[in-house]
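Given next are the chains, with one letter for each unit.
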Amino acid sequence: MKKLVFATNNQHKTEEIRAALEGKYEILNLEDIGCLVDIPETADTFEGNATLKSSYVVAHFNLDCFADDSGLEIEALNNEPGVYSARYSGSRDNIENIQLVLKKLEGIANRKARFKTVISLMQNGENHIFEGTIEGTIRTTLSGSNGFGYDPIFEPDGYESTFAEMDLAEKNKISHRAIALRKMMEFLKGQL
Ligand code: ITT
């Protein structure tokens, strides 16, 4: 099976992508290739950060690699937390980040939000970009224990459950990452 590096330290994301690409690609994450540094994500766009990560692996390990940068954009908060989603409250603690979002949205009627993913696939020195978004709303309380990050407060449009109430397979079919990933898969299949 073809090897492809997924430049992430996030085990949840690795499992999601492995499930989606099962039988097609062997997915190695940063730990699997022995890349122990915290690759700087200093850009102010998802595309910039995804490209920083994928290029780092190509430069240091010479393997085909893709990286994603994702986050939550909340309309009433000028698209915050955006690229700062992982550390919005100053820590990586999911619950603290969620509490901050809920506090900032207190008394605000517009609960519209979207998850966005941008993937950078570095292949033979070329950068290919794929995007995925899913629209939804921010609940006023947490619900469900599956998934990670802001899943307990995000309800995708057309559903009555949060991402954290869905099982992984269901989330995987509709998520921002799944949409971006499907676009990358189409591209990769076109090369076979
Ligand atoms: P890597 O940079 O190592 O890949 P990360 O946790 O920083 O891991 P992202 O940059 O993709 O992952 O996402 C940034 C944050 O956005 C993430 O920590 C979550 O708080 C949030 N997020 C992204 N995708 C999410 C999802 O599917 N469900 C809930 N929250 C998500």
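Residues numbered from 1 in each chain as written. Predicted model: local features only at pLDDT ≥ 70, side-chain atom pairs only at ≥ 80, totals over all residues. Heavy atoms only, no water.

1. Points about the side chain of S120
What counts is decided by this rule: Only DSSP runs of H or I covering at least 4 residues are called helices, and only runs of E covering at least 2 are called strands; the numbering of each starts at the N terminus. Exposure categories follow from relative accessible area, calculated using a 1.4 Å probe and restricted to protein chains: below 20% of the type maximum is buried, above 50% is exposed, and the middle band is partly exposed. Between N or O atoms, a polar contact is any pair within 3.5 Å; within protein, one atom must be a potential hydrogen donor and the other a potential acceptor, and residues adjacent in sequence are included only when both atoms are from side chains. Between two residues, a contact is recorded if the distance between any of their heavy atoms is within 4.5 Å.
Structurally, S120 is set in strand β5 (residues 112-123). Overall, the relative accessible area of 0% leaves S120 in the buried class. A distance of 2.7 Å separates a polar atom in the side chain of S120 from a polar atom in the side chain of N127. Excluding residues within four positions of it along the chain, S120 makes contact with A50, T51, S54, C65, F66, A67, N127, H128 and I129.

2. Comments concerning the site of the ligand
Put simply, the rule is: One heavy atom within 4 Å of a molecule or strand is enough for the residue carrying it to be called near that molecule or strand. Accessible surface area values rest on a Shrake-Rupley calculation with a 1.4 Å probe, where residue burial reflects the displayed protein chains alone.
T8, K13, D151, K171 and R177 are the nearest of the 20 residues found near the ligand. Between the ligand and the protein, one listed contact pairs a nitrogen atom with a backbone N or O atom of Y150 at 3.1 Å. Within the complex, 95% of the 590 Å² of free accessible area of the ligand lies under protein. Looking at the shell around the ligand, the elements that each hand over two or more residues are β3 (65-74) and α5 (176-189). Residue contributions to the shell around the ligand peak at three residues, all from β3.

3. Here we look at helix α2 (residues 46-61)
An α-helical segment advances 3.6 residues per turn. Residues three or four places apart therefore align on the same side. We apply this condition: The span expected for a helix works out to 1.5 Å for each residue beyond the first.
Relative to the 22 Å expected for 16 residues at 1.5 Å per residue, α2 spans 23 Å between its end C-alpha atoms, a close match to the ideal helical length. Among the residues of α2, F46, N49, A50, T51, K53, S54 and V57 are the ones counted as buried. Those residues of α2 hidden inside the fold are in contact with β1 (2-6), β3, β5 and β6 (126-138). Directly beyond the C-terminal end of α2, a positive phi value near 55° is found at N62.

All quantities given are derived from atomic positions and should not be read as evidence of function.
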